Amino acid sequence: RFHTVYWPAILLAADLPLPRRVFAHGWWTINGEKMSKSVGNVIDPLDLVDKYGVDQTRFFLMSEVPFGSDGDFSHEKMVYKVNANLSNEVGNLCQRTLSLVYKNCHKAAPSDIGPYTKDDEALLESAASLHAKAAEAVSTQSIHKYVEEVVSVVWEANQYIDKMEPW
């Protein structure tokens, strides 16, 4: 990207230290077309926040395109991604676990749960390893991989509940 030529040259001319890393984002298109004011297809991120919510917009933007790559936006993709990952997977997991705790554990997470099964240990290991995987992804600006790791643990937790059938 052109910033890696001009910005260091300006810094050198000013006798200032050079950056150790340069972060360059990609371009966004909309429905496969270049965004353009003259075409009238520019999307204001604040409009996305108003329509979908701030967390949903952040989630989509972080998960849909690897940092530095170009990406394509469509309202259909936004709705699908939010519904599939946030509503169906995360929302489903929250609803299931909180309902089970509320109905079966006197509205509080139990402190005496007995010995763990192999399935318990596997899920706990996945959750415990999430921090290191997330830190690695974030340190390399692979935010989409960070999101994939989180969604993967959520998916595993939903599968665990399906298998254990705690109801």
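In this text the structure is predicted, and so the values were computed from the model without any measurement.

Student: Whenever I open this one, the overall build of the protein confuses me. Can you help?
Tutor: The helix and strand tally for the protein stands at six helices and three strands. At 22 Å, the protein has a C-alpha radius of gyration far larger than the 15 Å of a compact globule built from 167 residues. In terms of overall dimensions, the protein has C-alpha extents of about 65 × 40 × 25 Å along its principal axes. Taking all 167 residues of the protein together, 26% fall into the buried category. Looking at the protein alone, contacts between residues at least 24 apart form 66% of all its contacts between residues at least 6 apart. Charged side chains in the protein number 16 positive and 22 negative. The centres of these two groups are separated by 2 Å.

Student: How should the nonpolar core be read in this particular structure?
Tutor: Considering soluble globular proteins, one finds that nonpolar side chains tend to be buried as a cluster. Of all hydrophobic cores here, the largest spans seven residues; its members are I30, I43, L48, Y52, F60, F73 and M78. L123, V154, A157 and I161 belong to the second-largest nonpolar core, a separate cluster that totals five residues.

Student: Sorry if this is basic, but what is going on with the sheet that holds strand β2 (residues 33-34) here?
Tutor: For sheets, the rule is that strands pair by backbone hydrogen bonds, running either parallel or antiparallel. Taken together, three strands build an open sheet; the order of strands is β2-β1-β3 and the sheet is mixed. If you trace the sheet from one side to the other, it starts and ends with β2 and β3 (71-73), each paired once. In this structure, strand β1 (residues 28-30) lies alongside β3, joined through three bridges in parallel fashion. When the sheet's bridge partners are listed, I30 is paired in β3 with F73.

Student: Sorry if this is basic, but what is going on with the side chain of H144 here?
Tutor: You can see H144 is positioned in helix α6 (residues 143-164). Setting aside residues up to four positions removed in sequence, H144 forms contacts with M62, S63, V65, P66 and F67.

Student: Where do I start with the packing of aromatic side chains in this structure?
Tutor: How two aromatic rings sit relative to each other is given by the distance of their centres and the angle of their planes. Per the stated rule, a full pass over the model turns up two aromatic pairs. Summarising the aromatic geometry, the rings of F60 and F73 are spaced 5.5 Å apart at their centres and angled 90° between planes, so their arrangement reads as edge-to-face. Note that F60 is positioned in helix α3 (residues 54-64) and F73 in strand β3, a separation of 13 residues in sequence. On the basis of relative accessibility, which here comes to 0%, the residue F60 falls in the buried class. Overall, F73 belongs to the buried group, its relative accessible area being 2%. Taken together, the ring pairs connect W28, F60 and F73 into an aromatic cluster.

Student: Would you take a moment to explain helix α2 (residues 45-52) for this structure?
Tutor: One turn of an α-helix holds 3.6 residues; hence residues three or four places apart share an orientation. One side-chain oxygen of the residue at the start of α2 lies 2.8 Å from the amide nitrogen of L46, identifying that residue as D44. Note on α2: the residue one or two positions beyond its end, G53, has a positive phi of about 105°.

Student: Looking at this structure, I do not really get the pattern of salt bridges. What am I missing?
Tutor: If the charged atoms of two oppositely charged side chains come close together, the side chains can form a pair. The full count for this structure, using the stated rule, is five salt bridges. Note that R96 is salt-bridged to D162, the shortest N-O span being 2.3 Å. Highlighted residues: R96 in helix α4 (residues 75-104) and D162 in helix α6, separated in sequence by 66 residues. You can call D162 partly exposed: its relative accessible area is 37%.

Student: Got a minute to help me understand the packing of helix α5 (residues 118-139) against α6 in this structure?
Tutor: Axes are the key here: two packed helices are described by the angle between their axes and the distance separating the axes. In the contact formed by α5 and α6, the axes pass within 8 Å of each other and the chain directions differ by 170°. Of the possible angle classes, the one that applies to α5 and α6 is roughly antiparallel. In this structure, α5 contributes D119, D120, L123, S126, A127, L130, K133, A134, A137 and V138 to the contact, and α6 contributes I143, K145, Y146, E149, V150, V153, E156, A157, Y160, K163 and M164. Each residue belonging to the contact of α5 with α6 can be placed in one class, and the counts come to 13 nonpolar, one polar and seven charged.

Conventions we followed
- Starting from 1, residues in each chain are numbered consecutively following that chain's sequence as written.
- Only residues with pLDDT of at least 70 get local features here, since the model is predicted, and only at 80 or more are side-chain atom pairs given and counted; chain-wide, interface and lining totals rely on the full set of residues.
- By convention in this description, side-chain values take in all heavy atoms of the structure and omit both hydrogens and water.
- For helices the rule is a DSSP run of H or I covering at least 4 residues; for strands it is a run of E covering at least 2, with both sets numbered from the N terminus onward.
- Radius of gyration: C-alpha atoms only; globule rule: 2.2 Å multiplied by the number of residues to the exponent 0.38.
- Residue burial is assigned from relative accessible area. The probe radius is 1.4 Å, only protein chains are included, and a residue is buried under 20% of its type maximum, exposed over 50%, and partly exposed in between.
- Throughout, a residue-residue contact means that at least one pair of heavy atoms, one from each residue, lies within 4.5 Å.
- Positive charges come from Lys and Arg, negative ones from Asp and Glu, while His and the chain ends are left out of the count.
- Think of each charge as sitting on NZ of Lys, CZ of Arg, CG of Asp or CD of Glu.
- Working definition of a nonpolar core: buried Ala, Val, Leu, Ile, Met, Phe, Trp, Tyr and Cys residues. They are joined through side-chain atoms within 4.5 Å.
- Note on pairing: DSSP must find at least two bridges between two strands before they are called paired.
- Each pair of aromatic rings taken from Phe, Tyr and Trp, with Trp reduced to its six-membered ring, is defined by centres within 6.5 Å and is described as stacked if the planes are under 30 degrees apart, edge-to-face if over 60, and tilted in the remaining cases.
- Two N or O atoms form a polar contact when they lie within 3.5 Å of each other; inside protein one atom must be a possible hydrogen donor and the other a possible acceptor, and for residues adjacent in sequence the pair counts only when both atoms belong to side chains.
- Here, a salt bridge means any Lys or Arg side-chain nitrogen found within 4 Å of an Asp or Glu carboxyl oxygen.
- Axis angles are defined between N-to-C directions and span 0 to 180 degrees, where every axis is a line fitted to C-alpha atoms and, for a helix, only to the segment in contact.
- Roughly parallel here means an angle under 35 degrees, roughly antiparallel means over 145, roughly perpendicular means 65 to 115, and every remaining angle is called oblique.
- Under the grouping applied here, Gly and all other residues not named as nonpolar or charged are polar, the nonpolar ones being Ala, Val, Leu, Ile, Met, Phe, Trp, Tyr, Cys and Pro and the charged ones Asp, Glu, Lys and Arg.

From the geometry alone we can't say anything about function, so treat these as descriptive.
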